[in-house]
Amino acid sequence: SEVFMNPQERSIDKASQEMLSRMAEAGQENVWDRLAAQMPQCGFGKQGICCRICTMGPCRISKKAPLGVCGANADTIVARNFLRFVAAGVSAHSDHGRGVAEVFLEAAKGELKDYRIKDKVKLLKLAQEFGVETKDRPVNDIATDVGKIAIGEFGKCEGTQLMARRAPAARQALWKKFDITPRAIDREVVEALHRSTMGVDQDYKNLIMHACRTALADGWGGSMLATELQDILFGTPYPGKGEVNLGVLKKDEVNIVVHGHEPILSEMIVAAAQDGELLKQAQSVGAKGINIAGMCCTANELLSRHGIPIAGNFLSQELAVATGAVDVMAVDVQCVMEGLAQVARCYHTKLITTVDKARITGVEHISMDAKNALNTAKKIVKMGIENYKNRGEVYIPNEKQTAVMGFTHESINYILGGRYRASYRPLNDNIINGRIRGVVGIVGCSNPKVQQDFTHTTLAKELIKRDVLVLTTGCATIACGKQGLTNPKIALELAGPGLREVCEAVGIPPVLTCGSCVDNSRLLVACSEIVREGGLGDDISQLPAAGACLESITEKAIAIGQYFVASGMMVIFSNEMLPIHGSQNVSDYLLNGIEKDLGGKWVLEADPVKAAEIILAHIESKRDALGINKKTERKLYDMADRRALII
Ligand code: BF8
Ligand code: SF4
């Protein structure tokens, strides 16, 4: 792949371009420079055919040596590596979910003074789903039972994931047929590691089937638990206005950037920043106030729940520090670049790690203990206040965009149908009548191998132009936010006539931001509900829908892709970023064969315009198969039928 050297090639985001120029002038390195230094990258790794899981190796598959020392062929090695990618991604999301579940249970028991149950309606719903008695019981007792069951989902000895029952019946039957209904999350990950060690599972299809099961334990387990419990604990997001990009940093206020994934920390920092005493302190050092901004998925969590501004996505983390305006950057887990420590040393920014399982050598660590959360958060904010006076030159790009964020399965339901008849009916009807052609999730990261924000936003524009409703999560959400695609005023102008009409009628933008990466579980729930609503087949695989991530980076992204595929969706990734090319058989199966078995498949395409074409063709073929593209058949859904369906 090419290496981008100048700022305009590296990013389409003007704020990033400015900061990249400034860093280059100052001779400071960032993620793009480190990528350039790594070139050329290992061709074996790219194709997934290097194996280093035992010390008879490392082995690399080539014409000269088509088998590893143990005899493993390219199919086994590629499938094994793929499974390990998935397992690691599942671990990340799910360990995040476990962290939330633990705080949830302690909060339910009344052991934490700083956290309490916020969304009681959602708690009761989940309790019923988990079979917890709710009648005449105190909220905390119900929550305690829910919390215990939730924690059980990670390591229970028997049974399968409770929330996998949210999937359409046809989907569950398919999982059963292939024996991939996910059991305890930890168990699937452990089995994945076991099966992929030397001399165990050496059948590529069998390995991929376990990758399905492991990934499903994330989508319908770990991630879904994280989302559900966070909503109950911190409030279910509801669409609201916010601002996105480095321009949200303030020259005359103490800037605290929270970066990472778990709202356990960031929620408390938001609360601490409202403390009157700290505000006074900030003023006493000459600052007008305390400004909290988010980075990466934590940003999505905070904007969608509290309207806290977003400073940037993954590739912007070092650039934010380079503004010289960040007084503290507090990080928790995942997607925190070690390179930050290097950049922070060039500026006054205090980088602080907060989670004991995620420290960086040489970086100050303040352990975030749930029992003392607010005080710890206050301590961190105070460090920002004290550091304000140490600022050197400050340069904040004058770039920010208004964004409407915080859509959820619940809020879409409500907006579409209203409080008393909340339902997906209007969405289904508009898909059936063709005003909306289909629904696509654009998710995931921003990878320095592609121009920052380019593919997500180009794909989103191409799709909404053709009347496809777009749902986003993760860093893709922030990319769309920065480029105005989540600003209804701008985005509606770019939408096709059918989609625009529907969006204007119900008051939603054509690009719906649905939160962080664990919130991809919201998309699974939404898909299941659309199926349940009726008229679009009886399984997710029949929906005119797809998922896309052309800038993926992490193992988490591959886990997400795989659980969408195993849930019946077509998923498009960039060819560079799915290391399976070294095995014809594995590629054939993941890109084709798996569709016959599970209804979903992977598609590889790096170009967002071509990807849009592929997605459109897929959507139309699904519509044809449903029979909703023929005018005459539309009569099937007259008012009487619809009413019958609603009841
Ligand atoms: O979990 S989108 S770069 S921040 S991995 Fe990381 Fe990718 Fe961003 Fe969120 Ni998700
Ligand atoms: Fe080589 Fe086999 Fe060991 Fe892998 S498991 S490193 S292919 S000997």
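These numbers were taken from a predicted model, which means no experiment stands behind them.

> I would appreciate a short explanation of the coordination of the nickel atom of ligand 1 in the present structure.
Reference geometry at the metal: tetrahedral coordination by four donors gives ideal angles of 109.5 degrees; octahedral coordination by six donors gives 90 or 180 degrees. Here the protein supplies the nickel atom of ligand 1 with just one donor, Cys517 (SG), and that contact is 2.2 Å long. Taken together, the four donor atoms coordinating the nickel atom of ligand 1 span angles of 90 to 151° at the metal, a pattern that classifies the geometry as irregular. Structurally, Cys517 can be placed in the loop between strand 13 (511-513) and helix 23 (520-533).

> Explain the site of ligand 2 to me, please; I cannot follow it from the model alone.
Surveying the vicinity of ligand 2 reveals the residues Cys51, Ile53, Cys54, Met56, Gly57, Cys59, Gly68, Val69, Cys70, Ile77, Arg80 and Met198. Classifying every residue of the shell around ligand 2 gives nine nonpolar, two polar and one charged.

> Is there a simple way to explain empty space enclosed by the protein in this structure?
One simple way to see leftover space: roll a probe sized like a water molecule over the atoms. In this structure the tally under the stated criterion is five cavities of 30 Å³ or more. Approximately 200 Å³ is the volume found for the largest cavity. Forming the boundary of the largest cavity are 21 residues, of which Val439, Leu471, Cys527, Ile530 and Ala545 lie nearest the centre. Counting only elements with at least two residues in the lining of the largest cavity, the list comes to helix 18 (425-432), strand 11 (438-442), strand 12 (468-472), helix 23 and strand 14 (545-549). A per-element tally of the lining of the largest cavity places helix 23 first, with four residues. Its residues placed into classes, the lining of the largest cavity shows 19 nonpolar, two polar and no charged.

> When you look at the site of ligand 1 in this model, what are you seeing that I'm missing?
Neighbouring residues of ligand 1: His261, Cys296, Cys297, Phe314, Cys335, Gly444, Cys445, Gly474, Cys475, Cys517, Thr554 and Lys556. Lys556 is positioned with one of its side-chain polar atoms (N or O) 3.1 Å from an oxygen atom of ligand 1. The set of elements that each furnish at least two residues to the shell around ligand 1 consists of helix 13 (296-306) and helix 20 (474-482). Residue composition of the shell around ligand 1, by class: seven nonpolar, four polar and one charged.

> Which parts of the structure should I look at to understand the environment of Asp467?
Among the structural elements, Asp467 can be located in the loop between helix 19 (454-465) and strand 12. Along the sequence, Asp467 and Arg437 sit 30 residues apart, while their C-alpha atoms lie 5.7 Å from each other.

> Honestly, unusual backbone geometry in this entry has me stumped. Any pointers?
The general pattern is negative phi for most residues beyond glycine and trans for most peptide bonds. Cis geometry is adopted by the peptide bond preceding Pro40, which originates at Met39 and carries an omega value of -5°. Its place among the elements puts Pro40 in the loop between helix 3 (31-38) and helix 4 (43-47). Gly57 connects to Pro58 through a cis peptide bond whose omega is 5°. Located in the positive-phi region is Asp179, a residue other than glycine, with phi close to 55°. Within the element layout of this structure, Asp179 appears in the loop between helix 8 (169-177) and helix 9 (185-195). The backbone phi angle of Cys296 is positive, close to 60°, even though this residue is not glycine. If you trace the backbone, Cys296 turns up in helix 13. Taking relative accessible area as the criterion, Cys296 reaches 1% and is therefore assigned buried.

> What exactly am I supposed to notice about the sheet that holds strand 16 (residues 601-604) here?
Strand pairing in a sheet relies on backbone hydrogen bonds. The paired strands run either parallel or antiparallel. Ordered in space as 13-12-11-14-15-16, the six strands form an open sheet in which the pairing is parallel. Lying at the two open borders of the sheet, with one neighbouring strand each, are strand 13 and strand 16. Averaged over all adjacent pairs, the angle separating strand axes in this sheet is 25°, with direction ignored. Judged from the four bridges that link them, strand 11 and strand 14 form a sheet pairing that is parallel. Bridge assignment links Val440 to a residue of strand 14, and that residue is Ala546.

> What is the right way to read the side chain of Gln28 from this model?
For Gln28, the position within the fold is in the loop between helix 2 (14-25) and helix 3. A distance of 2.6 Å separates a polar atom in the side chain of Gln28 from a polar atom in the side chain of Tyr347. In contact with Gln28, other than residues within four places in its own chain, are Met23, Asp33, Cys346 and Tyr347.

> Teacher, can you tell me more about helix 8 here?
Spacing of three or four residues puts side chains on the same side of an α-helix, whose turn is 3.6 residues. Of the residues making up helix 8, those classed as buried are Arg171, Leu174 and Trp175. The arc that holds every buried residue of helix 8, seen down its axis, measures 100°, which confines them to one face. When the buried face of helix 8 is taken as reference, the exposed residues oriented beyond 90 degrees from it are Ala169, Lys176 and Lys177. Looking at the buried positions of helix 8, the neighbouring elements they touch are helix 10 (204-234), helix 24 (555-566) and helix 25 (584-598). Phi for Asp179, located one or two positions after helix 8, is positive at around 55°.

> Is there a simple way to explain the packing of helix 13 against helix 20 in this structure?
A pair of packed helices can be characterised by two numbers: the angle between their axes and the separation between those axes. Here helix 13 crosses helix 20 at 70°, and the two axes come no closer than 8 Å. One way to sum up the angle between helix 13 and helix 20 is to call them roughly perpendicular. Seen from above, helix 13 lies across helix 20 with left-handed handedness. Residues Cys296, Cys297, Ala299 and Asn300 of helix 13 pack against Gly474, Cys475, Thr477 and Ile478 of helix 20.

> Which parts of the structure should I look at to understand the pattern of salt bridges?
Pairing of side chains with opposite charge becomes possible as their charged atoms draw close. Scanning all chains against the criterion turns up 47 salt bridges. Salt-bridge contacts for Lys46 lead to Glu576; the nearest nitrogen and oxygen are separated by 3.8 Å. Of this pair, Lys46 sits in helix 4 while Glu576 sits in the loop between strand 15 (570-573) and helix 25; the two residues are 530 residues apart in sequence, bridging distant segments of the chain. With a relative accessible area of 27%, Lys46 lands in the partly exposed category. Exposure remark for Glu576: the relative accessible area of 30% places this residue in the partly exposed category. With its nearest N and O atoms 4.0 Å apart, the salt bridge here joins Lys122 to Glu228. Of this pair, Lys122 sits in helix 6 (residues 120-129) while Glu228 sits in helix 10, and the two are 106 residues apart along the sequence. Accessibility expressed as a relative area gives 7% for Lys122, which makes it buried. Overlapping salt bridges, with partners in common, bring together Lys122, Glu129, Arg166, Glu228, Asp231, Glu301, Arg305, Glu410, Asp519 and Arg522 in one network.

> Just checking my understanding: could you explain the nonpolar core for this structure?
Nonpolar side chains tend to gather and get buried jointly when the protein is soluble and globular. Residues Tyr115, Val146, Ile269, Leu463 and Ile615 are the most contacted members of the largest nonpolar core, which totals 168 residues. Excluding residues within four positions of it along the chain, Tyr115 makes contact with Val103, Ala107, Phe234, Ile264, Met268, Met368, Ala370 and Ala373. Counting residues in hydrophobic clusters, the runner-up holds 32 residues, among them Val31, Trp32, Leu315 and Ala322.

> Quick question: what am I supposed to make of the packing of helix 10 against helix 23 here?
At a minimum axis distance of 8 Å, the contact between helix 10 and helix 23 shows a crossing angle of 100°. As far as their axial angle goes, helix 23 and helix 10 are roughly perpendicular. Each of Gly219, Trp220, Ser223, Met224, Thr227 and Asp231 in helix 10 lies in contact with helix 23, whose residues at this interface are Ser521, Arg522, Leu524, Val525 and Ser528.

Rules of the game
Residues numbered from 1 in each chain as written. Chains lettered and ligands numbered in written order. Predicted model: local features only at pLDDT ≥ 70, side-chain atom pairs only at ≥ 80, totals over all residues. Heavy atoms only, no water. Donors = N, O, S within 2.8 Å, 3.2 Å for Na, K, Ca; no water. Tetrahedral: all angles 85-135°; square planar, octahedral: opposite > 155°, others 65-115°. Helix = DSSP H or I, 4+ residues; strand = E, 2+ residues; numbered from the N terminus. Near = heavy atom within 4 Å. Nonpolar A, V, L, I, M, F, W, Y, C, P; charged D, E, K, R; others polar. 1 Å grid on protein atoms, 1.4 Å probe; cavity = no way out; pocket = protein on both sides within 12 Å on 5 of 7 lines; lining within 4 Å. Points joined across faces, edges and corners; volume = space filled by probe spheres on them. Polar contact = N/O pair within 3.5 Å; in protein donor to acceptor, adjacent residues only side chain to side chain. Buried < 20%, exposed > 50% of the residue type's maximum accessible area, 1.4 Å probe, protein only. Pairing = 2+ DSSP bridges. Axes fitted to C-alpha atoms, helices over the stretch in contact; angles between N-to-C directions. Contact = heavy atoms within 4.5 Å. Arc of directions from axis to C-beta. Parallel < 35°, antiparallel > 145°, perpendicular 65-115°, else oblique. Left-handed = near helix turned anticlockwise from the far one by under 90°. Salt bridge = Lys/Arg side-chain N within 4 Å of Asp/Glu carboxyl O. Core = buried A, V, L, I, M, F, W, Y, C linked by side-chain atoms within 4.5 Å.

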